[in-house]
Each structure stands twice: as structure tokens, then as C-alpha cells.
Amino acid sequence: MVPNGTNLKTGATQGNNLIWNDCRVYPNDNNADDVGFISKLIDFSIGKYNVNNKKIFVTGVSNGGLMCYRLGLEIPNKITAIAAFNANLSEESECKVSNIPIPVMIVNGKKDKFMPFYGGKSKLKKEYFLSSQETVDFWVKNNFKGTSISKDIIKYNTIEMQPITSTIYNKGNKNNEIQYYEIEDGGHTMPGKKYVLSRFIQRIVGKQNESIEGAEITWEFFKNLSK
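So, helix α3 (residues 132-144)
Inference 1: Helix length check: α3, at 13 residues, gives a terminal C-alpha distance of 18 Å against a target of 18 Å (1.5 Å per residue), a fit within 8%.
Inference 2: Restricting attention to buried positions, one finds in α3 the residues Ser132, Thr135, Val136, Trp139, Val140, Asn142, Asn143 and Phe144. Down the axis of α3, the buried side of the element spans an arc of 165°, and every buried residue falls inside it.
Inference 3: Lysine 145 lies just past α3 and shows a positive phi near 55°.

Structural data, given as C-alpha cells:
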């Protein structure tokens, strides 16, 4: 399912300028109960379509990625795993933290113009974000409670000038694993080799890495997981 957020000004759930009420604290506060909405949508899907409640996965890009973090923090008992693209946690957060481990995949581009890879102020709004590594470290602490873990680093065989580094944090348990992809030249885009953005769009949002398919690595992460 692909649910919609709401328009901050009108409250509409269709049309343009829709946004999720993620962990950020907005100047014009977004009061939409999107966590409650997604929670009820999960219950509806399980009851109406016999969806396996042990395999509920959430993925999103940018604001959608930030919403994935909120769901992973606030209703981890209903979510099996999350995958967030182009998203770092907000420095000022209104999210409740459950401290319940949940598998997390994070994919961020080092040349993202809109989500600061190294943290700090957003280009578009007066809001500040943790760095990509600080976001990963938050989830490592959440999932492993400060205990020692293994860290496997993989350098992908990529096409020329499009390097990717994947770091996997785990203790032999897939149910609290964290996978982190650094896209060396990636902009505010999901990597893709089958579905490539036009050069015009890439001039606006930044370069799209074409070495891996974002949807494929997401499914590889999700498919063998179960609560």
C-alpha cells in the first residue's frame, strides 16, 4: 500500500504538497496523527486481506524516510523492519522512543543537497539534522543497548566513479540488524539502474547512483525477516 500524508494548510489527503508528520518539530505544527493512521491501516490490512502481521515492512524516501523512523520508534511492535532513503534524524525531535530493537536499513547520498549528509541546517527550511553516521549510531544504540557488535564493511563492485560502501551491524541476529549504505556521489535520490531519473531532474535533486537498485536492496533486506 502507498498511503498519503496531509496538506499542512488544508488538511487534504489528496493533491500536491502532502507531507508526513515525522519527528521534526515544525514552526507551524503538523498535528496529523499519522502514526495512528498507519497503525489502523496495518490493522485493516491484516483483518481485510489476511496480511501476515509478522511481515509488515515500511520504506520511504526523504520525508517518507523520516516517517519510517517515527514508525520504527513509536510502533515497533507492529513493524517488522524499516528502510529509509535520504533521511537523517532531526536534532529536535518530538518522537517517543520505545527502545525496542527493529531492523533498519539506511541509504544516504554524500552529495545530497537537501538532507545534509554531515548534519546541520537543511537547505530549504530552518531545521537541523543529525549527520548520517549519527543517525546510524542512534539506531545501533537503540538496537544493541551499547553492547559490542560486529561490523562488516563491503565495498561494492560499482560502475566507474560511483562507489558505494555498505556497513552491516549485527550480532548474528537478523532481527536487530542495521544495514547502512553510503552513496559516494549520491544526491537526494534513490539509487537505481533500471529506473533512472532524467538528467533534468538530476540537475535539481542531485546525481542518481546507477550501480544498485534501491528497491532490490530493500527487498533483499526485508524478505527473510519476520517478527
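Side note on the packing of aromatic side chains
Inference 1: Here the structure, examined in full by the defined rule, presents seven aromatic pairs.
Inference 2: Pairing tyrosine 69 with tryptophan 139 gives two aromatic rings, centres 5.9 Å apart and planes at 35°, and the pair type is tilted. On the criterion of sequence distance, the pair formed by tyrosine 69 in helix α2 (residues 63-74) and tryptophan 139 in helix α3 is long-range, its members being 70 residues apart. Neither residue differs from the other here; tyrosine 69 and tryptophan 139 are each classed as buried.

Overview of the layout of surface pockets
Inference 1: In this structure, the largest pocket spans a volume of roughly 840 Å³.
Inference 2: Together, 31 residues line the largest pocket, and Met1, Pro3, Phe57, Val58 and Thr59 are the ones closest to its centre.
Inference 3: Sorting the residues of the lining of the largest pocket by element identifies β2 (18-19), α1 (34-49), β3 (57-61), α2 and α5 (214-222) as the ones contributing at least two each.
Inference 4: Its residues assigned to classes, the lining of the largest pocket shows 23 nonpolar, seven polar and one charged.
Inference 5: Taken as a whole, the second largest pocket holds about 360 Å³ of empty space.
Inference 6: Arg24, Ser62, Phe114, Leu124 and His188 are the residues nearest the centre of the second largest pocket, which is lined by 15 residues in total.
Inference 7: For the lining of the second largest pocket, the per-class residue count stands at eight nonpolar, four polar and three charged.

Considering the state of the cysteines
Inference 1: Summed over all chains, the structure comprises one disulfide.
Inference 2: Disulfide pairing is shown between cysteine 23 and cysteine 95; the S-S distance is 1.7 Å. The sign of the S-S torsion, about -90°, decides the handedness of the disulfide formed by cysteine 23 and cysteine 95: left-handed. One end of the pair, cysteine 23, is in the loop between β2 and α1; the other, cysteine 95, is in the loop between β4 (81-85) and β5 (104-109), with 72 residues separating them in the sequence. Each member of the pair, cysteine 23 together with cysteine 95, is buried.

What counts, and where the lines are drawn
Residues numbered from 1 in each chain as written. Predicted model: local features only at pLDDT ≥ 70, side-chain atom pairs only at ≥ 80, totals over all residues. Heavy atoms only, no water. Helix = DSSP H or I, 4+ residues; strand = E, 2+ residues; numbered from the N terminus. Expected span 1.5 Å × (residues − 1). Buried < 20%, exposed > 50% of the residue type's maximum accessible area, 1.4 Å probe, protein only. Arc of directions from axis to C-beta. Phe/Tyr/Trp six-rings, centres within 6.5 Å; stacked < 30°, edge-to-face > 60°. 1 Å grid on protein atoms, 1.4 Å probe; cavity = no way out; pocket = protein on both sides within 12 Å on 5 of 7 lines; lining within 4 Å. Points joined across faces, edges and corners; volume = space filled by probe spheres on them. Nonpolar A, V, L, I, M, F, W, Y, C, P; charged D, E, K, R; others polar. Disulfide = S-S within 2.5 Å.

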